[in-house]
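Geometric and topological summary
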Amino acid sequence: MDLFEYNRQKNMKTEAPLAARLRPITLEEFVGQQHIIGKDKLLYRAIKADQLNSIILYGPPGTGKTTLAKIIANTTKRTFVQINATTSGIKDIKEVVGEAKTRMGMNGDKTILFIDEIHRFNKTQQDALLPHVEDGTVILIGATTENPYFEVNKALVSRSIVFELKQLDSRDIEKLILRAVTDVDKGYGYFHINADDDAVKFLADVANGDARAALNAIELAVLTTDKDEKGIINISLEVAQECIQKRAINYEKDGDNHYDTVSAFIKSMRGSDPDAALYYLAKMIYAGEDPKFIARRVVVCASEDVGNADPHALQVAVSAAEAINFIGMPEGRIILAQAVTYIACAPKSNAAYVGIDMALRDVENIKMKTVPNHLKDAHYSGAKGLGHGTGYKYAHDYPGHYVKQQYLPDELKHKIYYSPTENGVEKRIKESLKRLRGENL
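One structure accompanies this document, and this report is about it. Model, not experiment: these values are computed from the prediction. (Residues numbered from 1 in each chain as written. Predicted model: local features only at pLDDT ≥ 70, side-chain atom pairs only at ≥ 80, totals over all residues. Heavy atoms only, no water.)

1. Here we look at the sheet that holds strand E4 (residues 138-144)
We count it as follows: In this analysis, strands are considered paired if DSSP registers two or more bridges between them. The numbering of helices and of strands both runs from the N terminus, where a helix is a DSSP run of H or I of at least 4 residues and a strand a run of E of at least 2. For helices, the fitted line uses only the C-alpha atoms of the stretch in contact; every axis is such a line through C-alpha atoms, and the angle between N-to-C directions lies from 0 to 180 degrees. In this analysis, two residues are considered to be in contact whenever any of their non-hydrogen atoms come within 4.5 Å of each other.
Sheet architecture is open: five strands sit in the order E2-E3-E4-E1-E5, paired in parallel fashion. Sheet topology places strand E2 (79-84) and strand E5 (161-164) at the edges, where each strand pairs with a single neighbour. Each strand axis lies, on average, 20° off the axis of its neighbour in the sheet, ignoring direction. Examined bridge by bridge, E2 and strand E3 (residues 111-116) share six bridges and lie parallel to one another. Along E3, the bridge assignment pairs phenylalanine 80 with isoleucine 112. Against the sheet, helix H7 (residues 123-134) touches E3 and E4, its axis set at about 135° to E4.

Right, here's the structure in full:
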């Protein structure tokens, strides 16, 4: 290392962006991803034992792929080489492989090759790398934001273990923000900073799992906020809002406003107001609500409030919920909007909902003797001797595939649980039941 490189690295410790300075150098400092680097997990054990085989780290930006590679570099006794697929080509691969072969031949030293954004390599470049991964000349660590099963050579994937990094949850990002304002060596602990709880929670929430975005925002907040008369830098919600360029809204996921918004959302669909339903849907999406939670509420509303007035509403809602699972956001907002507007505009009936609750109350409160004899199972030996099935009328043997007979227990034989409305499909159902029941509903 020459003097200029030494000075560059020395200056980097104080002048590099906050996210780079705070990058952990040990597994113990790493925040999140416990599903792959918890102390009992394979990757943790392999790194600690310096026995890593080729791996691919796959996940969204800001989840720690490069950081994890740097930790491996700091931990391993092997030679660690890093290249970026956006600026490197076959010539660079050949140089790395040539040096790796030399090291292995001279002293048996293995080389770990970290390729950031490996999905940027084209097929030819990936093919050039393959034989050297296969024969162990280099141990590959690939990092990608794209699904490696689609974007990386299948042969490379088959020779590697794929570890998926997930978006950090808000609690993990809160830890990183607090570390940034308290760490004297790497962060801004040498300043006097007072970061409001709501500002920290806001940044952690709107960062949407991207630690780098949250740290960039807190860095901007510290560097652009004047000290007060006591020499303290106060980071309020308003300051945090400006630094990440997203408006804060009153929507705590475990607070009253959350439940009020969800309630208004459901009532707007029930009340056939698609405009209000879309507004509350947008508010929940903007605040980072789990789209699966929203989809579940839409499915419930389709059955509870639309029911048989439009049986297709439940199909639309369930299809939307399934689509959200493999489409995700932000495109999922379109799917949710389609389902929400369909249900809001559909004819309404809660007859099935009312009916099942009435039936449940009767099951709980009324002691029944037994199922009517003619409805009991008559297939086992001795059943007919007990009178089971005797007198049962098979509906398909009668005109219109219907014959009037008692199905409810004696105690409830005149009880009606399902009373269809005059809305949508239920109007036809009501007319049909009138004829079958022979009653004026």
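Once the structure has been displayed, the description carries forward.
2. Comments concerning helix H5 (residues 65-75)
Going by this rule: A 1.4 Å probe rolled over the protein chains alone gives each residue an accessible area, and that area as a share of the maximum for its type sets the label: buried under 20%, exposed over 50%, partly exposed in between.
Of the residues making up H5, those classed as buried are Lys65, Thr66, Thr67, Leu68, Ala69, Ile71 and Ile72. Its buried side turned inward, H5 meets helix H3 (34-37), helix H4 (42-48), strand E1 (55-58), E2, E3 and E4.

3. A look at the pairing of E4
Of all the seven residues making up E4, seven are buried; the element is thus mostly covered by neighbouring parts of the structure. By the alternation rule, side chains of E4 split into Val138, Leu140, Gly142 and Thr144 and Ile139, Ile141 and Ala143, which are all buried. Sheet topology note: the E1/E4 ladder contains four bridges and is parallel. Residue pairing in the sheet places isoleucine 56 in a bridge with glycine 142 of E4.

4. A few points about the environment of isoleucine 327
Mapped onto the elements, isoleucine 327 comes out in helix H17 (residues 312-327). Sequence-distant contacts of isoleucine 327, defined by excluding residues within four places in its chain, comprise Gly332 and Ile335.

5. Digging into the packing of helix H16 (residues 291-306) against H17
Stated precisely, the cut-off is as follows: Relative orientations are named as follows: roughly parallel for angles under 35 degrees, roughly antiparallel for angles over 145 degrees, roughly perpendicular for angles from 65 to 115 degrees, and oblique for any other angle.
One way to put it is that H16 packs onto H17 with a least axis distance of 8 Å and a crossing angle of 170°. It follows that H16 is roughly antiparallel to H17 by the angle criterion. For the pair formed by H16 and H17, the contact residues are Pro291, Lys292, Ala295, Val298, Val299, Ala302, Ser303 and Val306 on the first element and Ala313, Leu314, Ala317, Val318, Ala321, Ile324 and Asn325 on the second.

6. Describing the side chain of aspartate 116
The line we're drawing: His is not counted, nor are the chain ends; Lys and Arg add positive charge and Asp and Glu add negative charge. In what follows, salt bridge is the name for a side-chain nitrogen of Lys or Arg lying within 4 Å of a carboxyl oxygen of Asp or Glu.
Tracing the chain through its elements places aspartate 116 in strand E3. Lacking a salt bridge, the buried aspartate 116 has lysine 65 as its closest oppositely charged neighbour, with an N-O distance of 6.6 Å. Setting aside anything within four residues of it in sequence, one finds aspartate 116 in contact with Thr66, Ile83, Asn84, Ala85 and Ala143.

7. Here's the deal with a negative patch on the surface
Defined as follows: The residues that make up patches have over 30% relative accessible area and no salt bridge, and they are joined within 9 Å when like-charged or within 5 Å when they are Val, Leu, Ile, Met, Phe, Trp or Tyr. Residue-level accessible areas treat just the shown protein chains as cover; the underlying method is Shrake-Rupley with a 1.4 Å probe. Think of each charge as sitting on NZ of Lys, CZ of Arg, CG of Asp or CD of Glu.
Side chains of Asp197, Asp198, Glu238 and Glu242 sit close together on the surface and give a patch of like negative charge. Within the residue set of the negative patch, elements represented by two or more residues are helix H11 (197-206) and helix H13 (237-244). Relative to the helices and strands, glutamate 238 is located in helix H13.

8. Brief notes about the environment of threonine 225
Take threonine 225: it is sitting in the loop between helix H12 (211-224) and strand E7 (233-235). Owing to a relative accessible area of 18%, threonine 225 belongs among the buried residues under this scheme. Residues threonine 225 and isoleucine 235 lie ten residues apart in sequence; the distance between their C-alpha atoms is 7.6 Å. When near neighbours in sequence (up to four residues on either side) are disregarded, threonine 225 contacts Ile233, Asn234 and Val239.

9. Concerning the nonpolar core
Using the following cut-off: Nonpolar cores were defined as sets of buried Ala, Val, Leu, Ile, Met, Phe, Trp, Tyr and Cys residues, with membership established by side-chain atoms within 4.5 Å.
If you look at the biggest cluster of nonpolar residues, it comprises 33 residues, and the most contacted ones within it are Ile177, Leu203, Leu215, Ile218 and Ile235. Within the residue set of this core, elements represented by two or more residues are helix H2 (18-21), helix H10 (170-182), strand E6 (193-195), H11, H12, E7 and H13. The dominant element in this core, judged by the number of residues it contributes, is H12, at seven residues. Setting aside its immediate chain neighbours within four residues, isoleucine 218 contacts Leu18, Ile177, Ala180, Val181, Leu203 and Ile235. Among the nonpolar cores identified, the runner-up in size contains 25 residues, and Ile266, Ile294, Val298 and Ala323 belong to it.

10. What to know about unusual backbone geometry
A cis amide bond, omega 10°, links methionine 329 with the succeeding residue proline 330. If you trace the backbone, proline 330 turns up in the loop between H17 and helix H18 (332-345). One non-glycine residue with positive phi stands out, namely glutamine 33, at about 60°. In this fold, glutamine 33 is placed in the loop between H2 and H3. Even without being a glycine, glutamate 117 presents a positive backbone phi close to 55°. Relative to the assigned elements, glutamate 117 resides in the loop between E3 and H7. We classify glutamate 117 as partly exposed; its relative accessible area is 25%.

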